[in-house]
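Structural overview for review
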Amino acid sequence: MFSLTVPISSEGGHNSFQNNVPDPATSGKKLPTFKFQLEKSHGRVMGGSYGKEATVDQLPISKGIAGVSMRMEPGVMRELHWHATAAEWAFVTEGGVRTTVIDPQGCAETNDFVPGDIWYFPRGHGHVIETLGDKPCHFILVFDNGYFSEFGTFSISDWIGHAPKELLAKNFGVPASTFDSFPKREVYFAKGKIPPPVAAPPLQGWKKPPLTHKYSLLSQEPFETFSGGLEWRVDGSQFPISTTMTGVVLEMEAGALRELHWHPNAAEWQYILSGEFSVTLFGSQGRWREEKLRLGDVGYIPQGFGHSIENIGSGKARILIVFNNGHYQTIDLSQWIAGNPTDILATNFGQDASLFEKFPRKDVFLTK
Ligand code: MN
Ligand code: MN
């Protein structure tokens, strides 16, 4: 499930192999679907806790990014684990969450999260996620590799459950019988006591990493305000540990449009937080497709493909957008046109040059 069939470089989600040869998922006569109804899928369930995922298995176009919707009941934790083939970026939508993560320098950090907060764990760093308090929590996990499966993670119970007890005894300097009652296979969701309100120090004592894994996004002023809505954005420049991912929340008024644009350096993964959107995709060679996305649906835009996002519901609506690059880049169609002399535009479209005097003189980005 976690086999990796394309090489991924360590730099910001950039994938030179994918960029240089035709991708069978997107090179056909028609564009494939770029929508997956994540919340309507079944996933892995334990009582009221679940993990539902969108990988290339569920959404074949989404080679650059995978995502998971996870809900956990009080006292439940997503056990200690790491991901060999992806970094983890997360956005909390509901409830309280606590994470503890270890880095290769032996520094560990524990953070508490509320809705609107983000975490980022570099690829391979060990971590655990706990529900805080007496209410369930819900969060969206996003991984910078579409081939990554949440159900193919390296879990501590799976490892210890399959290693010989004598080996473990020698490793930890404790009797082999210590491990008699340990789980024999992966626990995945562990259920226990509700964690203490203030985290206890680790066995080694507090040893904080140089860069924090937490960023509070929605508690801050929006990155930009438009007549059609608000944009919160966080990339590696505000959140330095997040070298391979950028996150955006757009709050759009009814009828608002995130204009036609593309991202030169990243694929885009979308999750609908509220409302109803029309997303359009342009894939060259006359190929164009529209999908309607509602609460809990996922959309995916391959790197460099043209697209737009429109709120087609009756009220304000929010969309979470995550990119597999720590540097945000966009080229908007209004900006491109504004960046060209009118004689070029006149010849290109076979129109009178004066027509283009009526076009925007600067980037539109979000309009109503
Ligand atoms: Mn994880
Ligand atoms: Mn976009």
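What comes next concerns the included structure.

Calculation criteria
- Residues numbered from 1 in each chain as written.
- Chains lettered and ligands numbered in written order.
- Predicted model: local features only at pLDDT ≥ 70, side-chain atom pairs only at ≥ 80, totals over all residues.
- Heavy atoms only, no water.
- Core = buried A, V, L, I, M, F, W, Y, C linked by side-chain atoms within 4.5 Å.
- Buried < 20%, exposed > 50% of the residue type's maximum accessible area, 1.4 Å probe, protein only.
- Helix = DSSP H or I, 4+ residues; strand = E, 2+ residues; numbered from the N terminus.
- Domains from an automatic or database assignment.
- Contact = heavy atoms within 4.5 Å.
- 1 Å grid on protein atoms, 1.4 Å probe; cavity = no way out; pocket = protein on both sides within 12 Å on 5 of 7 lines; lining within 4 Å.
- Points joined across faces, edges and corners; volume = space filled by probe spheres on them.
- Nonpolar A, V, L, I, M, F, W, Y, C, P; charged D, E, K, R; others polar.
- Pairing = 2+ DSSP bridges.
- Axes fitted to C-alpha atoms, helices over the stretch in contact; angles between N-to-C directions.
- Polar contact = N/O pair within 3.5 Å; in protein donor to acceptor, adjacent residues only side chain to side chain.
- Donors = N, O, S within 2.8 Å, 3.2 Å for Na, K, Ca; no water.
- Salt bridge = Lys/Arg side-chain N within 4 Å of Asp/Glu carboxyl O.

**A closer look at the nonpolar core**
W89, I118, V142, W269, Y271, F277 and L320 are the most contacted members of the largest nonpolar core, which totals 52 residues. Considering every element that reaches this core, the biggest residue donor is strand β24 (residues 317-323), with 6 residues. Counting only domains with at least three residues in this core, you end up with domain 1 (35-215) and domain 2 (217-367). Once residues lying within four places of it in the same chain are set aside, the contact partners of W89 are I118, W119, Y120, I140, L141, V142, S242, M245, G247, L320 and V322. Counting residues in each nonpolar core, the second largest holds 21 residues, with M70, A86, W119 and F121 among its members.

**Focus: the layout of surface pockets**
A probe as big as a water molecule, rolled over the atoms, marks out the empty space that is left. If you add up the space inside the largest pocket, you get close to 1,000 Å³. L80, T100, I102, G126 and I156 are, among the 32 residues lining the largest pocket, the residues nearest its centre. At the level of elements, β5 (76-82), β7 (96-102), β8 (108-113), β10 (127-132), α2 (156-162) and α3 (165-172) are the ones that each hand at least two residues to the lining of the largest pocket. Of the residues that constitute the lining of the largest pocket, the class distribution is 22 nonpolar, 8 polar and 2 charged.

**Describing the sheet that holds strand β9 (residues 117-121)**
Ordered in space as β2-β3-β4-β11-β6-β9-β14, the 7 strands form an open sheet in which the pairing is antiparallel. Here the strands that pair on one side only, and so sit at the sheet edges, are β2 (44-46) and β14 (214-216). The mean angle between the axes of side-by-side strands here comes to 15 degrees, regardless of whether they run parallel or antiparallel. For strand β4 (residues 66-72) and strand β11 (residues 137-143), the ladder comprises 7 bridges, and the chain directions are antiparallel. Bridging from a neighbouring strand, A66 pairs with F143 of β11.

**Digging into the side chain of D23**
Residue placement: D23 occurs in the loop between α1 (16-20) and β1 (35-36). Taking the relative accessible area as the measure of exposure, D23 reaches 15% and is therefore buried. One polar contact links the side chain of D23 to the main-chain amide nitrogen of A25, over a distance of 2.9 Å.

**Topic: empty space enclosed by the protein**
Applying the stated rule across the entire model yields 2 cavities of 30 Å³ or more. In this structure, the largest cavity occupies an estimated 50 Å³ of space. Lining the largest cavity are E231, V248, L250, R258, H261, H263, E268, I309, I321, F323, Y328 and F365. Contributing elements (two or more residues each) for the lining of the largest cavity: β17 (246-252), β18 (257-262) and β24. Its residues assigned to classes, the lining of the largest cavity shows 7 nonpolar, 2 polar and 3 charged.

**Here's the deal with the coordination of the manganese ion (ligand 2)**
Within the protein, the atoms that donate to the manganese ion (ligand 2) are H261 (NE2), H263 (NE2), E268 (OE) and H307 (NE2), at distances of 2.0 to 2.1 Å. Within one chain, the residues serving as donors to the manganese ion (ligand 2) are arranged as H-x1-H-x4-E-x38-H. Of this pair, H263 sits in the loop between β18 and β19 (268-272) while H307 sits in strand β23 (residues 306-311), placing them 44 residues apart in sequence. Looking at H263, the relative accessible area reads 2%, which means it is buried.

**Things to note about the coordination of the manganese ion (ligand 1)**
Within the protein, the atoms that donate to the manganese ion (ligand 1) are H81 (NE2), H83 (NE2), E88 (OE) and H127 (NE2), at distances of 2.0 to 2.2 Å. In primary-sequence terms, the residues that donate to the manganese ion (ligand 1) follow H-x1-H-x4-E-x38-H. This pair shows no difference in class: H81 is buried, exactly as E88 is.

**Topic: the pairing of β7**
Of all 7 residues in β7, 5 are buried, a share of seventy percent or more. As judged from the 6 bridges shared by β7 and β10, these two strands associate in the antiparallel manner. Among the inter-strand pairings, V97 is bridged to a residue of β10, identified as T131. Judged from the 6 bridges that link them, β7 and β8 form a sheet pairing that is antiparallel. Opposite I102, over in β8, you have A108 as the bridge partner. What sits between β7 and β8 in their antiparallel hairpin is a turn of 5 residues, with G106 showing a positive phi close to 85 degrees.

**Some details on the pattern of salt bridges**
The tally for this structure, following the rule as stated, stands at 15 salt bridges. Among the salt bridges present, the one from E150 reaches R78, with a minimum N-O distance of 2.6 Å. Residue E150 is located in the loop between β11 and β12 (154-155), and its partner R78 is located in strand β5; the two are separated by 72 residues in the primary sequence. Of the two residues examined, E150 and R78, each falls in the buried class. Residues K135 and D134 are paired through a salt bridge, measuring 3.9 Å at the closest nitrogen-oxygen approach. The residues K135 and D134 share a single accessibility class, namely exposed. Three or more residues are tied together by salt bridges with common partners; here these are E251, K316 and R318.

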